[in-house]
Number of protein chains: 2
Amino acid sequence: MAADFTLTPVGRVASPLRDTATAPRQGDEGAPSAWLVFDSSYAAALSDIRPGDTMLLLTWLDRADRTVQAVHPRDDPARPLTGVFSTRSSDRPNPIGLHPVTILEADGLRLRADRLEAVDGTPILDLKPLLSPS
Amino acid sequence: MAADFTLTPVGRVASPLRDTATAPRQGDEGAPSAWLVFDSSYAAALSDIRPGDTMLLLTWLDRADRTVQAVHPRDDPARPLTGVFSTRSSDRPNPIGLHPVTILEADGLRLRADRLEAVDGTPILDLKPLLSPS
């Protein structure tokens with residue numbers, strides 16, 4: 001019904017988390033800080049981000065299974081199978097991750113985020129301010 | 001630095017809004033209700049959405065200029081040029097729209113959202129619950 005579109009990652013996550021099976025499900029469930037490392041061609045887009053900014057990080061969950069349409073929420077078999085659009089499962093047709101973060105350091109093309117459940121190497125799609133009306 | 005990825009839209013917005021130049025910038029700035037019309041192959045992913053659900057709708061802003069890296073926020077020339085990652089501009093490298101909506105009706109492959117600033121024909125990428133911890 002519609003043409004496909006091409007996502008071009010603007011950077012990658014650098015994190016001590018290596019394995020989706022053991023990573024926290026959400027940033028507030030014990031996730032470590034992580035560096036967001038951007039490609040040099042996006043320096044201008046990054047240039048106004050400062051420590052203390054609260055941002056929404058968008059990632060591409062490249063380990064997800066895009067064919068899954070129903071899951072047991074939180075992998076709990078006691079919970080009934082649920083359509084993925086009613087869950088936050090990473091297995092879904094277009095697996096875009098949304099991560100609220102606070103920026104701790106801004107060092108050229110690298111930003112340090114306070115806590116992030118995404119694993120090392122996860123492609124970064126976008127950053128947007130959480131609070132600004134812009 | 002990273003491979004590209006392919007987004008496959010799961011549906012489209014059906015809205016009386018036709019023109020990005022006159023559409024509201026945010027749903028809470030006078031946007032009308034709209035139908036979210038899904039491809040039949042995603043029926044299972046949709047099956048647990050009910051009227052009253054509060055969801056985050058993700059769209060692909062296909063009229064955006066992906067080469068823009070700095071903008072005057074809200075197109076106000078009095079505001080200084082700002083890197084797009086510090087703004088909610090739709091012109092940005094990966095123009096993914098985020099729209100909080102409440103579902104008013106669920107009719108098979110069509111959901112009616114209470115208010116939506118996206119224009120008619122905008123491709124739908126995903127729906128996620130806003131409040132569930134799943």
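Residues numbered from 1 in each chain as written. Chains lettered and ligands numbered in written order. Predicted model: local features only at pLDDT ≥ 70, side-chain atom pairs only at ≥ 80, totals over all residues.

## A few points about the overall build of chain A
Broken down by element type, chain A carries 1 helix and 9 strands. When the helices and strands of chain A are placed in sequence order, the string is β-β-β-α-β-β-β-β-β-β. For 134 residues, the compact-globule estimate of 2.2 N^0.38 gives 14 Å, and chain A sits close to it at 16 Å. Oriented by its inertia axes, the alpha-carbon framework of chain A measures out at about 45 × 40 × 30 Å. Buried residues in chain A amount to 40% of all 134 residues. Excluding contacts between residues fewer than 6 apart, the proportion of contacts in chain A whose partners are at least 24 apart in sequence is 73%. (Helix = DSSP H or I, 4+ residues; strand = E, 2+ residues; numbered from the N terminus. Rg over C-alpha atoms; globule rule 2.2 N^0.38 Å. Buried ≥ 20, exposed ≤ 12 C-beta atoms within 10 Å, placed from the backbone. Contact = placed C-beta atoms within 7 Å.)

## Considering the sheet that holds strand β4 (residues 54-60) of chain B
All names here are of chain B. An order of β2-β3-β8-β7-β4-β9 is seen for the 6 strands of this closed barrel, with the pairing classed as antiparallel. Across the sheet, the axes of successive neighbouring strands diverge by a mean angle of 45°, strand direction being ignored. By the bridge criterion, 7 bridges tie β4 to strand β7 (residues 96-107) in an arrangement that is antiparallel. Residue pairing in the sheet places Leu57 in a bridge with His99 of β7. (Pairing = 2+ DSSP bridges. Axes fitted to C-alpha atoms, helices over the stretch in contact; angles between N-to-C directions.)

## Quick word on the interface of chain A and chain B
Of the residues lining the interface, 43 residues belong to chain A; the matching set on chain B comes to 43 residues. Counting residues per element, the ones that place at least two in the side of chain A that touches chain B are β1 (5-7), α1 (43-46), β4 (54-60), β6 (82-83) and β9 (123-129) of chain A. At 6 residues, β9(A) tops the list of elements feeding residues into the side of chain A that touches chain B. Class assignment of the residues belonging to the side of chain A that touches chain B gives a composition of 23 nonpolar, 11 polar and 9 charged. Note: β1(A) against strand β1 (residues 5-7) of chain B, 3 bridges, orientation antiparallel. Across the sheet, the residue bridging to Phe5(A) is Leu7(B), located in β1(B). (Nonpolar A, V, L, I, M, F, W, Y, C, P; charged D, E, K, R; others polar.)

## Re the environment of Ser90(A)
All names here are of chain A. Mapping Ser90 onto the fold places it in the loop between β6 and β7 (96-107). A C-alpha to C-alpha distance of 17 Å links Ser90 and Pro77, two positions 13 residues apart in sequence. When residues no more than four places from it in sequence are discounted, the contact partners of Ser90 are Leu61, Ala64, Pro95 and Gly97.

## So, the relation of the copies chain A and chain B
By a simple turn and slide, chain A fits onto chain B: the slide is 0.0 Å along the axis, the RMSD is 0.0 Å, and the turn is 180°. Both copies are brought into coincidence by an operation consistent with a two-fold rotation axis. For chain A, the smallest separation between a C-alpha atom and the rotation axis is recorded for Thr6(A), amounting to 2.4 Å. In this assembly the copies share their binding face: 100% of the residues contributing to the interface of chain A also contribute to that of chain B. (Least-squares fit on C-alpha atoms with pLDDT ≥ 70 in both.)

## Quick word on the sheet that holds β7(A)
Residue and element names in this part refer to chain A. Pairing in this closed barrel of 6 strands is antiparallel, and the strands run β2-β3-β8-β7-β4-β9 around the ring. Pairwise comparison of adjacent strand axes, ignoring direction, gives a mean angle of 45° for this sheet. Two elements, strand β2 (residues 11-14) and β9, share 2 bridges in a ladder whose sense is antiparallel. In the sheet register, Arg12 faces β9, and the bridge partner there is Pro123.

## Things to note about unusual backbone geometry
One non-glycine residue, Arg74(A), adopts positive backbone phi at about 55°. Here Arg74(A) lies in the loop between β5 (70-71) and β6.

## With respect to the nonpolar core
Grouped together as the largest cluster of nonpolar side chains are 58 residues, with contacts concentrated most on Leu36(A), Leu57(A), Leu125(A), Leu36(B), Leu57(B) and Leu125(B). Once you skip the residues sitting within four places of it in the chain, Leu36(B) turns out to touch Gly11(B), Val13(B), Leu57(B), Arg110(B), Leu111(B), Ala113(B) and Ile124(B). (Core = buried A, V, L, I, M, F, W, Y, C linked by C-beta atoms within 7 Å.)

## Focus: the pairing of β4(B)
All names here are of chain B. Counting buried residues in β4 gives 5 out of 7 residues, a clear majority hidden from the surface. Alignment of β4 against strand β9 (residues 123-129), held across 5 bridges, turns out to be antiparallel. If you follow Leu57 over to β9, its bridge partner there is Leu127.

## What to know about the environment of Pro16(A)
Residues and elements named next belong to chain A. Mapped onto the fold, Pro16 is located in the loop between β2 and β3 (34-38). For Pro16, a count of 9 C-beta atoms within 10 Å gives the class exposed. When the C-alpha atoms of Pro16 and Ser33 are compared, they prove to be 8.6 Å apart, with 17 residues separating the residues in sequence.

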